[in-house]
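Fold and contact review
Below, each chain spelled out in residue letters.
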Amino acid sequence: MSDSGLSRKLHDLLHREAHLKLGRRTTTPLWMEKEAELRALQATVPPFFSLFLRKKRDEHQVLQARTEEEVKRLRHRMEMFDRCEPQVAAMIEQEIEVLLREDCPEYIQALAALGQKADWLSCLDRFSGRIFEFTPTLGNVRNIACSGYARQANVYSAAALQAFGLAIAAAQAVEEEVKLANRIADTQVEIFRANGIETQPLPRLPETSFSGWVDKIKAMPLAEAQPQFDALIDKTKQLHGTEVAELRVLADQVEAAQQGDLRNFLMAAWDQFRAEVAPEIFPGDTERSVSETEKMLTAAAQPNGKPRRQGRPGGRA
C-alpha cells in the first residue's frame, strides 16, 4: 500500500493516467498548430513559371515535407493517447471496484441493496401468479351466486358464500405479495440513501384492495353485484395481461439508473484519488511515464504477454 492507503498498483495507474492526460494537453495545441501550418502550405502554390524562383520552390517543398513529417508524428502520438487512456481508465476502475468492495461498507451495502431487485422480481412473479389464480375464483363465485339466490331476501346460497370466502382468500394472497414487493422497494431505496446514494426506487405494485372489493360485492343484491364482478374481472385481466409486463420493464430501467448512480459513487472515489496523487505529478516525468505506459500496454496485448520489438521512440513533443 502507498502512504495514501492506495494499493501500489492503483497508485501507479493513477500516476500513468495523470501523465497521459498531461501529455495530451501538451500535445493537442502543437498538433492543431502543425495541422493548420500543413493546410496553409498545401494551399499555397509557389510560382513555378520561372527558373529564377527554383530556390524558393525547393524551400517550399522542403518545408512542406518537414511539416508533413511533424504532423504524422503528432497524429501518431494523439492516436497513442486515444488507445492508452481508455485502457488505463478501465484498469483503474477495476482496481477501485476491488478497493471499494473490500474496504468501503457504504459501497458494500449499496451493492447488496442492488441485488434486492431479484427478490422484488420474485414477488412480481408470485403477484402475477396470484392474479392468475384469483381471476377464475371470481368467475366461479359469479356463476354460483346466481344459483339458489333468494331474490326477495337478497341472500346468497351457502355454496355462494363459501365461494365468496375462497375469492376473498385468493384476493388476500394477491395483497400479501403487493405488500412484500413494496416493502422490498422501500427498504432498498432506504439502504441506498443511508449510504449516501440518491437513486430511483423500484416501482411499487398497485395497492389492489381486492379482498375489500369482493367483500362489498358479497353485501350487494345480485343485480348490483353482477356488473361489479365484471369490472373486477376486467381489472385482474388488465393487471395480468399488461401492467405486470410494464412493471417488469420499468424495474429494468430503474436497475440501470441505480447501477449508474452506484458507478457515480465509484467515480467520486476516483476523483478523490486523483486529487491525492495530483501533488506527485511533475511535467518533467510525463514523457518517460507516457512512453513506459505505451510499452506496458503494447506488451500486455501480445500473445503470452511477450512484447513485440519496439521501434525508436518518437521525439519529445
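All of the points below concern the structure found in this document. The shown structure was predicted, so the numbers you read here are calculated from the model rather than taken from an experiment.

Quick look at the overall build of the chain
Of regular secondary structure, the chain possesses eight helices and zero strands. Secondary structure elements in the chain, listed N-terminal to C-terminal, are α-α-α-α-α-α-α-α. With the principal axes as the frame, the chain shows a C-alpha extent of 125 × 60 × 35 Å. Taking all 317 residues of the chain together, 38% fall into the buried category. If you take every contact in the chain between residues at least 6 apart in sequence, the share linking residues at least 24 apart comes to 81%. Summed over all atoms, the accessible surface of the chain reaches about 18,300 Å², with 54% contributed by carbon and sulfur. Within the chain, the 46 negative side-chain charges are centred at a point lying 8 Å from the centre of the 42 positive side-chain charges.

Quick word on the packing of helix α4 (residues 117-146) against helix α5 (residues 158-194)
Relative orientation and spacing of two packed helices are given, respectively, by the angle between their axes and the distance between those axes. Closest axis-to-axis distance for the α4/α5 pair is 8 Å, and the angle between their directions is 165°. It follows from the interaxial angle that α4 and α5 lie roughly antiparallel. For the element pair α4 and α5, the recorded crossing hand is left-handed. Across the contact of α4 with α5, the residue classes tally to 22 nonpolar, three polar and five charged.

So, the nonpolar core
Among the nonpolar cores identified, the biggest contains 39 residues, and Trp120, Phe127 and Phe134 are the most heavily contacted of them. For this core, the secondary-structure elements that each account for two or more residues are α4, α5, α6 (210-218) and α7 (222-277). Here this core takes twelve residues from α5, the largest share from any one element. Every residue in contact with phenylalanine 127, bar those within four places of it in the chain, is listed here: Val174, Glu177, Val178, Leu205, Pro206, Thr208, Leu239 and Val244. Counting residues in hydrophobic clusters, the runner-up holds 29 residues, among them Leu13, Leu100, Ala269 and Trp270.

Concerning the side chain of threonine 67
In this structure, threonine 67 sits in helix α2 (residues 54-103). With relative accessibility at 4%, the residue threonine 67 sits in the buried group. For threonine 67, the residues in contact, after removing those within four places along its chain, are Lys34, Glu37, Leu38 and Leu41.

What to know about α7
Between its first and last C-alpha atoms α7 spans 79 Å; for 56 residues at 1.5 Å apiece the expected length is 82 Å, and the two agree. At leucine 239, α7 is deflected by roughly 40°, the largest bend along its length.

Quick notes on the packing of aromatic side chains
All chains considered together, the criterion is met by five aromatic pairs. Taking 5.3 Å as the distance between ring centres and 65° as the angle between the ring planes, the aromatic pair formed by tyrosine 156 and phenylalanine 164 counts as edge-to-face. According to the relative accessible area criterion, phenylalanine 164 is buried, its value standing at 0%. Between phenylalanine 164 and phenylalanine 229 the ring centres are 5.9 Å apart and the planes differ by 25°, which places this aromatic pair in the stacked class. Here phenylalanine 164 is found in helix α5, whereas its partner phenylalanine 229 is found in helix α7, with 65 residues between them in sequence. Residue class for phenylalanine 229 comes out buried when judged on its relative accessible area of 0%. Grouping aromatic residues by their ring pairs yields a cluster made of Phe134, Phe210 and Trp213.

Digging into α6
Count 3.6 residues to each turn of an α-helix, and residues three or four apart come out pointing the same way. Taken together, the buried positions of α6 are occupied by Phe210, Ser211, Val214 and Ile217. For α6, the buried positions fall inside an angular range of 120° around the axis, keeping them on one side. Lining the buried residues of α6 we find α4, α5 and α7.

Points about the pattern of salt bridges
Applying the stated criterion across every chain yields a total of 26 salt bridges. The residue glutamate 37 makes a salt bridge to lysine 34 at a minimum N-O spacing of 3.4 Å. Of this pair, glutamate 37 and lysine 34 both sit in helix α1 (residues 8-43), three residues apart, roughly one helical turn. Notably, a salt bridge pairs glutamate 176 with lysine 179, separated by 3.8 Å at the nearest N-O pair. Placement of both glutamate 176 and lysine 179 in helix α5 is noted, with a separation of three residues, approximately one turn of the helix. By relative accessible area, glutamate 176 is classed as partly exposed at 48%. In this structure lysine 179 comes out as partly exposed when scored by relative accessible area, which is 44%. Among the charged side chains, a network of salt bridges with common partners joins Glu17, Asp271 and Arg274.

Rules used throughout
- Residues numbered from 1 in each chain as written.
- Predicted model: local features only at pLDDT ≥ 70, side-chain atom pairs only at ≥ 80, totals over all residues.
- Heavy atoms only, no water.
- Helix = DSSP H or I, 4+ residues; strand = E, 2+ residues; numbered from the N terminus.
- Buried < 20%, exposed > 50% of the residue type's maximum accessible area, 1.4 Å probe, protein only.
- Contact = heavy atoms within 4.5 Å.
- Areas by Shrake-Rupley, 256 points an atom, 1.4 Å probe, with all protein chains shown as cover.
- Lys, Arg positive; Asp, Glu negative; His and termini not counted.
- Charge placed at Lys NZ, Arg CZ, Asp CG, Glu CD.
- Axes fitted to C-alpha atoms, helices over the stretch in contact; angles between N-to-C directions.
- Parallel < 35°, antiparallel > 145°, perpendicular 65-115°, else oblique.
- Left-handed = near helix turned anticlockwise from the far one by under 90°.
- Nonpolar A, V, L, I, M, F, W, Y, C, P; charged D, E, K, R; others polar.
- Core = buried A, V, L, I, M, F, W, Y, C linked by side-chain atoms within 4.5 Å.
- Expected span 1.5 Å × (residues − 1).
- Bend = angle between axes of the 7 residues up to and from the residue.
- Phe/Tyr/Trp six-rings, centres within 6.5 Å; stacked < 30°, edge-to-face > 60°.
- Arc of directions from axis to C-beta.
- Salt bridge = Lys/Arg side-chain N within 4 Å of Asp/Glu carboxyl O.

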